[in-house]
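Inside the fold
Listed here are the chains, written in short residue letters.
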Amino acid sequence: MERKVRVRFAPSPTGPLHIGGVRTALYNYLFAKQNGGDMILRIEDTDQTRFVPGAEQYIIEALTWLGIKFDEGVHIGGNYGPYRQSDRKPMYKQYADQLINDGWAYYAFDKPEALEAKRKEYEAQKKTFQYDCNTRLQMENSLSLSAEEVQKRIDAGDPYVVRFKFPENLDITVHDLIRGDVTMNSSLLDDKVLFKSDGMPTYHLANIVDDHTMEVSHVIRGEEWLPSAPLHVMLYKAFGWEETMPQFAHLPLLLKPEGNGKLSKRDGDRLGFPVFPLDWHDPKSGELSSGYRERGYFPEAVVNILALLGWNPGNDQEILSMDELIKLFSVEHISKSGAKFNVEKAKWFNHEYMQMQSNEVVAQMFEPILKEHGIEADHDYVVKVCGMMKERIAFISEMWDQTSYFFTAPTEYAPAAIKKRWKPGMTTHIGKIIEILETMPFEHDVLHKAILDDYIVANQFNMGQIMNSFRLAVVGDTKGPDMLTLVMVIGKEETISRLRRAVEVIGEVAE
Ligand code: GLU
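Before going into details, it helps to say that this report is about the structure given with it. None of the values given here were measured: they were computed from a predicted structure. (Residues numbered from 1 in each chain as written. Predicted model: local features only at pLDDT ≥ 70, side-chain atom pairs only at ≥ 80, totals over all residues. Heavy atoms only, no water.)

1. Observations regarding the overall build of the protein chain
A tally of regular secondary structure across the protein chain gives 21 helices and 14 strands. Taken over C-alpha atoms, the radius of gyration comes to 33 Å for the protein chain, far larger than the 24 Å a tight globule of 511 residues would show. Expressed as a percentage of the 511 residues in the protein chain, the buried residues total 49%. Across the protein chain, contacts joining residues at least 24 apart in sequence account for 72% of those joining residues at least 6 apart. When the accessible area of the protein chain is evaluated, it comes to approximately 24,100 Å², of which 50% is carbon and sulfur surface. Here the protein chain holds 58 positive side-chain charges and 75 negative ones, and the gap between their average locations is 4 Å. (Helix = DSSP H or I, 4+ residues; strand = E, 2+ residues; numbered from the N terminus. Rg over C-alpha atoms; globule rule 2.2 N^0.38 Å. Buried < 20%, exposed > 50% of the residue type's maximum accessible area, 1.4 Å probe, protein only. Contact = heavy atoms within 4.5 Å. Areas by Shrake-Rupley, 256 points an atom, 1.4 Å probe, with all protein chains shown as cover. Lys, Arg positive; Asp, Glu negative; His and termini not counted. Charge placed at Lys NZ, Arg CZ, Asp CG, Glu CD.)

As structure tokens, then:
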């Protein structure tokens, strides 16, 4: 019988979720939805020393913002809960006991100092100590000590850990959906700690027990977990759960823009782009790390950007909605090699998504910014300006720079532009334009003909100089959209008053 697709995103709440983690969540989501499966949010907080308050809420808020929805999870419940490992604590010991009883694991009593001494001893010989099939009998554990001694120590409450006992010289093959078969020899692997005497499992044990009991069918996670996969495969074998072992897919790393090494928070700071979905205030240091949301990225754009970092739809389509991604996603098209983050491309995506917003929506985003600048503008006017100017921006924060002159008359005129365009006789030309505006019907085509054709061209005046000076007087600089379109939006009175003011301020210039 076909198994129901059930996938999980299983972050550890150790800080803000990196965009690499967001991409993992996204790929899991796309895969689940494409296959009519379930998507689970499980919080892996077995390592209490790395717990960071607020991280779990951050993860939920970030994924909600991006439209990555869950069917079960720590925040919504479900039939396979609890979904936070610390809340599942009582259920893990029986599994550790089972492994010990079946000879797959053993108690180890080595004190931290003893392990440290061993490490030093090996270092002195230029070797690295590994707790494994070659060294385990030199250590204090239930393989080297008598059964009575072991019992005595446990009864006395001596701290212990439970370690996995890798069989010697066994080739372990992990079948990865992206990489194919990956084989590692057990003699190279260390006897990982599975459980501690404080009753807490480690990541490895909890992860396998949870994936099994939550009936997870596919494990889609970052490449950094590939080295742990042989242990995980062996744990399924040890528990006798091989038949329902999930299929694995290890995702390629997200790389620095230069391509060498994993994308880190420092790269983001260095190159000025966020590596987190939302702003994060570190509760300890108070440090702020910036997020895509607060930078003005659309959640749909972030989803689109991340989807294409390590996967492609098999054609050159770049703009893909969540629904399209769900349809097109395929594990076969995930690349084996790391994906380079490209800041300019990320901005390009946001620009594209900006163009897809209605003028009304862009205006609503812009209005609070106008308010900050002390501007109270008519809503329909803001909608009109946004419609005209959105093609020039990728982020709403750029809108004011592009449009301030629609809302407030210039108080200064760019000196370089004055020097270049405002030549002797310009006040006369501007005076003529004022006259045309005052006397002719205020219509784009009428004014265009009157100013450009009948005045400038017919008299063989310098078109570039006059039109740029006209612009300079209205805008304060030589930027902006088509001049008469601009005049139509700003209005007759306002245009005339700006022209008069420029003539007054700049005045006539000498030869
Ligand atoms: N808790 C692990 C993490 O933080 C999950 C790894 C896995 O998906 O197995 O990435």
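2. Considering the pairing of strand β5 (residues 161-164)
Sheet analysis places strand β4 (residues 105-108) next to β5, joined by 4 bridges and oriented antiparallel. Across the sheet, residue Tyr107 finds its bridge partner in β5, namely Val162. Direction of pairing for β5 relative to strand β8 (residues 193-196): antiparallel, over a ladder of 3 bridges. Opposite Arg163, over in β8, you have Val193 as the bridge partner. (Pairing = 2+ DSSP bridges.)

3. Digging into the site of the ligand
As a matter of local geometry, the ligand sits amid Arg8, Ala10, Pro11, Ser12, Glu44, Tyr203, Asn207, Arg221 and Trp225. Here an oxygen atom of the ligand and a side-chain polar atom of Arg221 are 2.9 Å apart. (Near = heavy atom within 4 Å. Polar contact = N/O pair within 3.5 Å; in protein donor to acceptor, adjacent residues only side chain to side chain.)

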